[in-house]
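Residue-level listing of the chains:
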There are 2 protein chains.
Amino acid sequence: MFHDITVEARRHLVAAARGARPLDVLIRDIRMVNVFTCEIRRADIGVFGNRIALVADPGAFEIDARAVVDGAGRIAAPGLIDPHLHIESSMVDPAHYAAAVLRHGTTTVIVDPHEIANVMGKDGVRLMIEGSEGLPLRVLFAIPSCVPAVLGHETAGARFAPEDVAEMLAWPRVIAVAEVMDYVGVGRGDPRMLGIIDAGIRAGKVIQGHAPALVGRDLVAYKAAGIENDHELRNARDAVEKLRLGLTPFVKLGSHANHLPNVMPELAKIPRFDVALCTDDVEPSDLLHVGHLNRVVREVAKYGIDPARALRWASLIPAQHYNLRDLGAIAPGYVADIVLFDGEDSLEATDVMAGGRWVVRDGAPCEPVTDPLAGRALVNTVRINTLSEDDFAIPSPIGDGPVTANIIALQPNRTTRMEATTVPARNGRIDSDTLPADVVFIAVVPRHGQAHPPSVALLSGIGLQRGAFAHTVAHDSHNILVTGKNSADMLAAVRRLAEIGGGFTLVDGGRIVAEVALPLAGLMSLKPVADVSAEVEIFNAAAASLGIRTLATPPIVAGTGLALPVVPQIRITDLHPLFDVGTQEPVPMFATAMADGTAS
Amino acid sequence: MFHDITVEARRHLVAAARGARPLDVLIRDIRMVNVFTCEIRRADIGVFGNRIALVADPGAFEIDARAVVDGAGRIAAPGLIDPHLHIESSMVDPAHYAAAVLRHGTTTVIVDPHEIANVMGKDGVRLMIEGSEGLPLRVLFAIPSCVPAVLGHETAGARFAPEDVAEMLAWPRVIAVAEVMDYVGVGRGDPRMLGIIDAGIRAGKVIQGHAPALVGRDLVAYKAAGIENDHELRNARDAVEKLRLGLTPFVKLGSHANHLPNVMPELAKIPRFDVALCTDDVEPSDLLHVGHLNRVVREVAKYGIDPARALRWASLIPAQHYNLRDLGAIAPGYVADIVLFDGEDSLEATDVMAGGRWVVRDGAPCEPVTDPLAGRALVNTVRINTLSEDDFAIPSPIGDGPVTANIIALQPNRTTRMEATTVPARNGRIDSDTLPADVVFIAVVPRHGQAHPPSVALLSGIGLQRGAFAHTVAHDSHNILVTGKNSADMLAAVRRLAEIGGGFTLVDGGRIVAEVALPLAGLMSLKPVADVSAEVEIFNAAAASLGIRTLATPPIVAGTGLALPVVPQIRITDLHPLFDVGTQEPVPMFATAMADGTAS
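What comes next is a walk through the structure. (Residues numbered from 1 in each chain as written. Chains lettered and ligands numbered in written order. Predicted model: local features only at pLDDT ≥ 70, side-chain atom pairs only at ≥ 80, totals over all residues. Heavy atoms only, no water.)

### Focus: the sheet that holds strand E12 (residues 248–252) of chain A
All names here are of chain A.
Part 1 of the reasoning: Taken together, the three strands give an open sheet; going across it, the order is E11-E12-E13, and neighbouring strands pair in parallel fashion. A single partner strand is all that each edge strand has here, and the edge strands are strand E11 (229–230) and strand E13 (276–278).
Part 2 of the reasoning: Here helix H12 (residues 293–300) sits on the sheet and contacts E12 and E13; the angle it forms with E13, its principal contact strand, is near 125°. (Pairing = 2+ DSSP bridges. Helix = DSSP H or I, 4+ residues; strand = E, 2+ residues; numbered from the N terminus. Contact = heavy atoms within 4.5 Å. Axes fitted to C-alpha atoms, helices over the stretch in contact; angles between N-to-C directions.)

In structure tokens:
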């Protein structure tokens, strides 16, 4: 079991269970979700210390307790367990994240600090562990496996070899190797990837997967390598195939992705199976207003899955998957993580107990946030070279006139494709003054102290009509990604980012029109979710007014995936203005620039 | 994962999965049991080294393999995993046990060497680990928690304190603390029991339960103590209550117990649940002729459980319960433990692969048994004092005439109760010549070097009409238990046991009429199961001819539980002729012998 208690404490617990000592808390006559049988039955639940001491039919035992809570028709479920997520996506630090998710009944999270690791390396992972020490939320860790995501084609702030991962696997609260994204490397038998998987297996940790669109024999090989789950289920065939191969599906509903419509109808046809539910990434405003894992459970139930079963997928199944033997159920001896919901359909948490302590009562937190990182001097991780407007210029193969360029075409579903597009050249450069309405400059500016200048390309589909939009949340290497209609605004937006230690900036006509400061690694704020959410809302409105458009996600995240060289098809990195994800090769912007003349 | 492979071997496995290397074995177009979804679907299964490399729809991939096996309409299931059993019950050593159970498709067993531990202590546990080294059967261990079963009321050959258990938990292939039988001690907060449980939890091991008939608040307290499963399900209410409390039920069908009729109909009504299946104890003849875990699966399916689900309960569920992450399924990367059954109803194993090697083909073993214990000098563990016939006499409170004695009345269901019975006295002793037909002497003779004389009582219900029946298989302390109509035959039977190093002896009129020598701790033979089974059959016939009768079990085990002071209601130990299991107190044989005069 992960959370030990002393033999003395266990002796008292057993005595309390038998009635030889009073309980600390009795929750009387509640409708309890039994995740072993998927039943909802009325029960009395007794808590002693940090554990559940008893579960019984209502009134079956005479119970002496220091405090009694009346069930009043509510549902009691195990505290929810999210098996894979990134705190960084919520733009707040662990303590403020904890406060926000506890409010929705999530009491345990398995965190992949992948983003901060790409910026700060091991120091970043350590910061997240230290920053979550002693929180009422149980924060467990998966060690990032792909830092950087792909070797040799981009520059992150760190590089993890198998030895580094092995070292971190021994750190406190570490239970997994995080999403193995480099499935191409795994299939090829790349020593880095197999070495990292091997380190995890030897340390007895779970190996998380990440294999969007991988099918057939490549998927089989990926599973054979030791991968145990996957939270990238793009369609029903994908999900069923992974389930049958023994890759536990983590069915996802977060701010950026919703598996449910694609996979639940087909999965629901299989007579017997279990999955886990996860959020992966949740925007601050969703965390504030929409929910966390309770939202996923609620939505899953709309696909004919009964609520008790969906709750099992958000508690016992993830606990079992990670061999957390005393988490994920309301049963004697288990850690007393209990959430009271107003009902099984709405799943609004009214009261939340974590480790035997009430942390939420009547929907309100019981105590203010104590942040282990408060007052800590933060390193400014935005280290850029001296830049000029010229750094954002694209030389053209002809001096003046129309020229055909390969540009990155962002699609409504957030994938990209390469499109040959006619753009104007003037004085040997692409002319920003006469660019087509939907085309903007896009640049990746090194921010990890690299000596080389920005890589610059052209982008369509993001909607920006004027000014520039820059940020340090450019997965996964988190260099600065800036899009803009002109070099001056791009430069201003980037310079402001360096001043505030990272985050998001929006510039129009040389003026900062909105910003969200994320001084913790350029990824997170140390403010509460409500504050950050308000800043983001203002930013979104400003970004929309400059034309930024997205179909399903808020404007602020419109470009955050454009530098991610593992998502099809064409991306920009700090080393390559145009990079083909499929071939893992750079692509020239202009046909005439090709030395060997093979381009069309 | 429990069974590591090197990173090099894994690289080759991944290459084989992708088709970059030939497979070692292809099992083509078999009906494969998918234990993740409880489906049976046609599949190709590829093996490389000791692992499963691929699973695919028939013909989906072009596959190059060194050897091809045609499915021919058969079923492929994961090698079966028995989560709790005692090899000693089969009266053979690990190597011969392995050969016998592999033949039925069991490829992994979790062994509780409880019997030998009670005789030889840590040396006995070590002997079982050494005796199972390198076998094709994967033999994993649970460390006995209750040696002796109850402190202070019997003498075993060893005594395990928490420190002893903690030491053994670090030995190779140890994954659990074995059945915690002293539930009374657990409930009372006994330091020995809680210390042993604590040692197990700290070492990350599973804690096995054993709580027959425990219900209500005592059961809740037992679960709160950290117990994780139970293989003693006496009735449906028991089983359902344990399931709901999170004690994984191990539904049992062995030679000595059959849970199925009592528990399966009620369990089957619960919409969603999983249990594991186990055998616990299997007689040599059943092992030879009836089956092992495949028999349990077959019988469970008769209760409306579809065979794929029953097979899941005998593979994936026990593997998950013990966190054996790469056992229990046919899936890429899992250990290649595969059993081919002729059909899902008969479940006769035709071919068995263990760790990628065929160990059974066409129903026959592929290689002779290699026994790590062969040729080893065995210690004679039957150490008795000099005895005379007088040691088996019972002094009576009156010189001559009828006297009322409390005797042990063995019931057809193997429980006992105390019955006041009139027996004859002569010359100050109970008179063997005129005993009622159904009454015999029963004695426990110290065999662990204790200085005290035998304890002697009277027994009804075993059927013996003449002669004596002695053995060293007297759970759990394994002193010699002898029943007889007269002292001379009892003495002869006991003396013969000491000569042969333990086992079973039957004496009639001073002559040895049958015996089974079990020189390994007085519990096991080093011969094959077939040989031991034949000896047992002969013994059973001889025992029956002397009148020994049992309802459901063979005569040889008729008395093996009579010295077990944890099974209700009245038992005999080496220290107490009559011992009340409920009160854990000795009981006087004669009312008049009571000093305080309270007896009726």
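Moving on from the coordinates now.
### What about the sheet that holds strand E29 (residues 585–586) of chain B?
Residues and elements named next belong to chain B.
Part 1 of the reasoning: Reading across from one edge, E27-E28-E29 is the order of the three strands in this open sheet, with antiparallel pairing throughout. Edge positions in the sheet fall to strand E27 (570–571) and E29, since each has one partner strand and no second.
Part 2 of the reasoning: Pairing of E27 with strand E28 (residues 579–580), which is carried by two bridges, proceeds in the antiparallel orientation. Residue pairing across strands places Arg571 opposite Phe579, the latter belonging to E28.

### A look at the interface of chain A and chain B
Part 1 of the reasoning: Tallying the contact residues gives 65 residues for chain A and 65 residues for chain B.
Part 2 of the reasoning: Both sides of the chain A and chain B interface together cover about 5700 Å² of buried area, and 52% of this is carbon and sulfur.
Part 3 of the reasoning: Where chain A meets chain B, there are four salt bridges.
Part 4 of the reasoning: One salt bridge in this structure joins Arg244 of chain A and Glu39 of chain B, with 2.8 Å as the shortest N-O distance.
Part 5 of the reasoning: When contributions to the side of chain A that touches chain B are tallied by element, the ones reaching two or more residues are helix H1 (7–18), strand E2 (39–48), strand E3 (51–56), helix H6 (183–188), helix H7 (191–202), helix H8 (216–224), helix H9 (236–245) and helix H13 (307–313) of chain A.
Part 6 of the reasoning: Among the elements that take part in the side of chain A that touches chain B, H1 of chain A stands out by supplying eight residues, more than any other.
Part 7 of the reasoning: By residue class, the composition of the side of chain A that touches chain B is 31 nonpolar, 13 polar and 21 charged. (Buried area = accessible area lost by both parts, 1.4 Å probe. Salt bridge = Lys/Arg side-chain N within 4 Å of Asp/Glu carboxyl O. Nonpolar A, V, L, I, M, F, W, Y, C, P; charged D, E, K, R; others polar.)

### Here's the deal with the relation of the copies chain A and chain B
Part 1 of the reasoning: Superposing chain A onto chain B takes a rotation of 180° plus a shift of 0.0 Å along the axis, which leaves an RMSD of 0.1 Å. Taken together, the turn and the small shift mark the pair as related by a two-fold rotation axis. Relative to the rotation axis, the C-alpha of Asn323 of chain A is the closest in chain A, positioned 3.3 Å from it.
Part 2 of the reasoning: Most of the interface of chain A is mirrored in chain B, where 100% of its interface residues again form contacts. (Least-squares fit on C-alpha atoms with pLDDT ≥ 70 in both.)

### Regarding H1 of chain A
Part 1 of the reasoning: With twelve residues, H1 of chain A extends 17 Å between its outermost C-alpha atoms, agreeing within 8% with the 16 Å of an ideal straight helix rising 1.5 Å per residue.
Part 2 of the reasoning: Those residues of H1 of chain A not exposed but buried are Arg10, Leu13, Val14, Ala15, Ala16 and Ala17 of chain A.
Part 3 of the reasoning: Buried-residue contacts for H1 of chain A involve strand E1 (23–34), E2 and E3 of chain A together with helix H6 (183–188), helix H7 (191–202) and helix H8 (216–224) of chain B.
Part 4 of the reasoning: Looking one or two residues beyond H1 of chain A, the residue adopting positive phi is Gly19 of chain A, at roughly 95°. (Expected span 1.5 Å × (residues − 1). Buried < 20%, exposed > 50% of the residue type's maximum accessible area, 1.4 Å probe, protein only.)

### What to know about the pairing of strand E7 (residues 106–111) of chain A
All names here are of chain A.
Part 1 of the reasoning: In terms of burial, E7 is largely enclosed, as six of its six residues are buried.
Part 2 of the reasoning: By the bridge criterion, four bridges tie strand E6 (residues 80–85) to E7 in an arrangement that is parallel. Looking across to E7, one finds that Leu85 is bridged to Val111.
Part 3 of the reasoning: Each parallel crossover has a hand, and for E6 linked through helix H2 (residues 94–102) to E7 it is right-handed.
Part 4 of the reasoning: Relative to strand E8 (residues 138–143), E7 runs parallel, the two sharing four bridges. Residue pairing in the sheet places Val111 in a bridge with Phe141 of E8. (Right-handed = clockwise from strand over helix to strand, strands pointing away.)

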